[in-house]
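# Structural overview
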Amino acid sequence: MQSSPADDLPVVELENVSVSGAIPSQVKKDLLQGTSALGIGAVAERACSFLANILAARLGGAANFGLYALSISTANNVSAYAAGGIGSTAIRFSGEHPWGSEGYPTLAKVLAVISLLSATLAATVLWFGASPVSRLLGKESFTGVLRWAAFSAAGIILLECCRGFLVGQRRIKALLLLSGTVGIGYLALLPAMSRYGAVSMVRSQSAVTIGAVLLIVIFYKALGLGSPKSSHDSKPMGPLLRRVWGFGAVQLASLLSVNAAGWWLTTLVARSDTTMVQMGFFAVAHQLRNMVALGPSLLTEGSLAVMATSDSKLNKTPDNVMAMCAYISTLVSLMMAGVGMILAPWGLTHVYGRNYAAAAVATALALTTAVVHMGSAPMSARLSILSLRAFGGINTAWAIIVATLSTILLLHGGNAAKGALVYLAGHLFLAILQIHSLNKSGSMPRGSIVSFVTGVSGALMLAGLAWIRDARAGWSGLTVLLMVVVLSIAVAIMIAIGKRHNWLPGWQTLRTFLLRGISFIRQQPPISAE
C-alpha cells in the first residue's frame, strides 16, 4: 500500500498561517527535521567516503590513488558542466510541485529526462575526450581509466538529481537510504578494489553511485515516492520542461563565470610564488572556510523547497523562512569563524605544522568570507526563485569583480592573504546587490538586514584584529582578549535580534524537534518491494 505525505514530513496546516509574516510552527518543524536528516545523511556519507579514501590510499598506494583522484576529479568537472546544477534545480521546483500535486508526476518525469540526457552527454564527452586529455597530460596510458570515469560522471549527475529531488520533496526515509547506500558502498568497495588498481576503483565508484539511484527507483513505491494521482490528472510536460531547462541554463552560465573567476584568482596566487607556499596557505585557509560553511549550507539547501513554494495561502512565509535561515546561518558561521580566527595561529601550527602559522591572516579573511557567503546564501536562493534574470546578472557581476580585483592585486605579485581579500570583497559586493534586489521587491522581512550587517560587521572586526595580531606580535595577548570581547558582543546582539523576531528556537524546542526527528526515522516501517 502506497504511503501518504504523513509518512514523511507533515504538510503545512495552511489555515494556521498568519498573514502578519510569522513562520508557522509546522514549517519550522519541517525545516529543522529536514535539515537534521539532510545533515545526518551528508555527514554519514562524507565520513564514510573520507574513511574509504584514507584506506584506499594506504592499501592501493599513492600512484593508484593519485590516478583515481585525477579520474574522479575530471568526472566531477565534466558532470558539473553537463548537469548545470541539477541538484538545486530539483530542490527549487519541488517546492512548486510537492508530493500529491498535479505537477508532481510531471516534475519527476522532467527531471528524469533531463538527468538521463545530461548523464549521457557527460559520459559521451568524457569517453571520447579521454584520449585528448591523456595526451595533454603526457600520459596516454591514462586513457582507459578516464574512459571508465565517464560512467562515474553519469552516476554523479544521477545521484545529484536524485538527492535534490528527495531533499525538495522532504522524503527523509529515501534520502537516508540513498546517503547510507553511497557511504557504505564506498567504504566496502573502494579499499578492496584499490589493490587491483585505479580502474577497479573507478568502476566501483561508478557502480555505487548508479546503484544507489537504481535502488531508490526500484523501491519508489515503498519509499512513498509514487504519485497518488493518475497520469491523466498530471500537467503537460512541455511548459515545465522549458522552465526547468531555462533555470538550468542560467545556473550553468553562472557556474561558468564563477568557476572562470575562481580559476583566474587561484592561478594568480600560484603564479605569485614559485615555491607554492602561498598557494598552500590559500588552500588551507579555504579548507577551513568550507568546514565553517558545511552546516549553514545544509540549512540553505533544506529550506530551498519552502522558499520556492507558490501557494498564496502561505503569504510571506517563503520570505520569512529566508530571513530566519539567513539569520541562523550568519549566527552559526560567526561563532565558528570567530573561534577559528582566535585560535588560528595555534591551531594551524598544531594541525598543519609550524610553517602554516603564517597563514593566520589568510585564514581570518577566508573565515570572514564564510560568514558573508553563508549569511547571504539563503538570499541568493530566494532571489533565484523571484528573479532568475537578477540572479544570473548578479553572479556574473561577482565574477567580473573577482577577476578584476585579482588582476589588479595579484598580477604583479601577491600572496594568500591578498587572494582571500579578493574573495571577501567579491562576496560583500554580491551580498549588497542581493539585498538591494530583494529589498526593492519587498522580500526582505524586518530585521533581516540588521542581523546580517551585525554578523558581518563582527566578522570584519575580528579579521582586522587578526591582522593587527599578525603585524604586531607583541600585542598578541591584547588582541586575543579584544577578539573574545568583540565575538561575545556580536553574538549577544545577534541572539537578541533572533529572540525579538522569533528566529531563534529555545533549547527545549531544539531538543524536542531533534528527538521527534530521530523517533520519526526509527519508526519507519521496513522497505518492501511491493
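Residues numbered from 1 in each chain as written. Predicted model: local features only at pLDDT ≥ 70, side-chain atom pairs only at ≥ 80, totals over all residues. Heavy atoms only, no water.

### Examining a nonpolar patch on the surface
We count it as follows: Surface patches are defined over residues having more than 30% relative accessible area and no salt bridge, joining like charges when they lie within 9 Å and nonpolar side chains (Val, Leu, Ile, Met, Phe, Trp, Tyr) when within 5 Å. All accessible-area figures derive from a Shrake-Rupley calculation using a 1.4 Å probe, and residue coverage is judged against the displayed protein chains alone. By definition here, a salt bridge exists when the distance from a side-chain nitrogen of Lys or Arg to a carboxyl oxygen of Asp or Glu is within 4 Å. Partly exposed residues are those whose accessible area sits between 20% and 50% of the maximum for their type, while under 20% is buried and over 50% is exposed, using a 1.4 Å probe and protein chains only.
Taken together, Trp475, Leu478, Leu481, Leu482, Val485, Ile489 and Ile493 make up a surface patch of nonpolar side chains, about 660 Å² in accessible area. Given a relative accessible area of 39%, Leu482 falls into the partly exposed group.

### Observations concerning the state of the cysteines
Applicable threshold: The disulfide criterion is simple: two cysteine sulfur atoms within 2.5 Å.
Tallying each qualifying case throughout the model produces zero disulfides. Note on Cys162: no disulfide assigned, nearest cysteine sulfur contributed by Cys161 at a separation of 7.3 Å. Using a relative accessible area of 12% as the deciding quantity, one classes Cys162 as buried.

### Comments concerning helix 12 (residues 416–440)
This is how it is decided: Put simply, DSSP H or I for four residues or longer makes a helix, DSSP E for two residues or longer makes a strand, and each gets a number counted from the N terminus. A helix is expected to reach a length of 1.5 Å times the quantity of its residues less one. Any N or O atom pair separated by 3.5 Å or less is treated as a polar contact, with the protein-specific requirement of one donor-capable and one acceptor-capable atom, and with residues adjacent in sequence counted only for side-chain atom pairs.
A rise of 1.5 Å per residue sets the reference length of helix 12, with its 25 residues, at 36 Å; its end C-alpha atoms lie 36 Å apart and thus fit the reference within 8%. The N-cap residue of helix 12 is Asn415: its side-chain oxygen and the backbone nitrogen of Ala417 are 3.1 Å apart. Phi for Gly442, located one or two positions after helix 12, is positive at around 75 degrees.

### Concerning the packing of helix 12 against helix 13 (residues 448–471)
Relative orientation and spacing of two packed helices are given, respectively, by the angle between their axes and the distance between those axes. Rule in force here: Angles shown run from 0 to 180 degrees and are taken between the N-to-C directions of axes, each axis being a line fitted to C-alpha atoms and, for helices, limited to the stretch in contact. Under this scheme an angle from 65 to 115 degrees is roughly perpendicular, one under 35 degrees roughly parallel, and one over 145 degrees roughly antiparallel; angles in between are oblique. A contact between two residues is defined here by any heavy atoms of the two lying within 4.5 Å. Three classes are used: nonpolar for Ala, Val, Leu, Ile, Met, Phe, Trp, Tyr, Cys and Pro, charged for Asp, Glu, Lys and Arg, and polar for all others, with Gly counted as polar.
At a minimum axis separation of 12 Å, helix 12 and helix 13 run at an interaxial angle of 170 degrees. As far as their axial angle goes, helix 13 and helix 12 are roughly antiparallel. In this structure, helix 12 uses Leu424, Leu428, Ala431, Ile435 and Asn439 to contact helix 13, whose residues at the interface are Ile449, Phe452, Val456 and Leu460. Here the contact of helix 12 with helix 13 is composed, by residue class, of eight nonpolar, one polar and no charged.

### As for the pattern of salt bridges
For the structure on display, the rule yields two salt bridges. With a shortest N-O distance of 2.7 Å, Arg163 and Glu45 are connected by a salt bridge. Taken together, the residues Arg163 in helix 4 (residues 143–169) and Glu45 in helix 1 (residues 25–83) connect sequence positions 118 residues apart. A salt bridge links Arg382 to Asp319; the nearest nitrogen and oxygen atoms lie 2.8 Å apart. Here Arg382, found in helix 10 (residues 360–386), pairs with Asp319, found in helix 9 (residues 317–351); they are 63 residues apart in sequence, far enough to count as distant. An identical accessibility class is assigned to Arg382 and Asp319; each is buried.

### Details of the packing of helix 10 against helix 12
Note the threshold: Definitions for this section: a left-handed crossing has its near helix turned counterclockwise from the far helix by less than a right angle. A right-handed crossing has that turn clockwise.
Close contact between helix 10 and helix 12 brings their axes to 8 Å; oriented N to C, the two are set at 25 degrees. As judged from the angle between their axes, helix 10 and helix 12 are roughly parallel. Judged by the sense of rotation from one axis to the other, the crossing of helix 10 with helix 12 is left-handed.

### Examining the confidence of the model for the protein
Worth spelling out the cut-off: The score called pLDDT rates the predictor's confidence residue by residue, from a low of 0 to a high of 100.
Chain-level pLDDT for the protein is 82 on average; 84% of the residues reach the 70-or-more range. The lowest-confidence element of the protein is helix 15 (residues 507–522), averaging 54 in pLDDT; the highest-confidence one is helix 13, averaging 95. Across residues 1–21, confidence stays below pLDDT 50; counting only partners more than four residues off in sequence or on other chains, it has 48 contacts. Here residues 523–530 scores under 50 on pLDDT; set against residues more than four positions off or in separate chains, the count is 12 contacts.

### As for the packing of aromatic side chains
This is how the line gets drawn: For Phe, Tyr and Trp, rings pair up if their centres lie within 6.5 Å, where Trp contributes its six-membered ring, and each pair is then called stacked (planes under 30 degrees apart), edge-to-face (over 60) or tilted (otherwise).
Taken as a whole, this structure holds eight aromatic pairs when the rule is applied. Geometrically, the ring pair formed by Phe281 and Tyr356 is edge-to-face, given 5.8 Å between the ring centres and 65 degrees between the ring planes. One end of the pair, Phe281, is in helix 8 (residues 277–307); the other, Tyr356, is in the loop between helix 9 and helix 10, with 75 residues separating them in the sequence. Residues Trp398 and Tyr423 carry aromatic rings whose centres are separated by 6.2 Å and whose planes lie at 20 degrees to one another, so their mutual orientation is stacked. Linking Trp398 in helix 11 (residues 388–410) with Tyr423 in helix 12, this pair joins segments that are 25 residues apart in sequence. Assessed through its relative accessible area of 12%, Tyr423 is described here as buried.

### Side note on the environment of Pro98
Locating Pro98 in the fold gives a position in the loop between helix 2 (86–96) and helix 3 (103–137). The exposure class assigned to Pro98 is partly exposed, which follows from its relative accessible area of 37%. When the C-alpha atoms of Pro98 and Gly168 are compared, they prove to be 8.0 Å apart, with 70 residues separating the residues in sequence. Discounting residues that sit within four places of it in the chain, Pro98 has contacts with Tyr104 and Gln169.

### So, the environment of Lys173
In this structure, Lys173 sits in helix 5 (residues 172–193). It is 8.9 Å that separates the C-alpha atoms of Lys173 and Gly224, two residues lying 51 residues apart in sequence.

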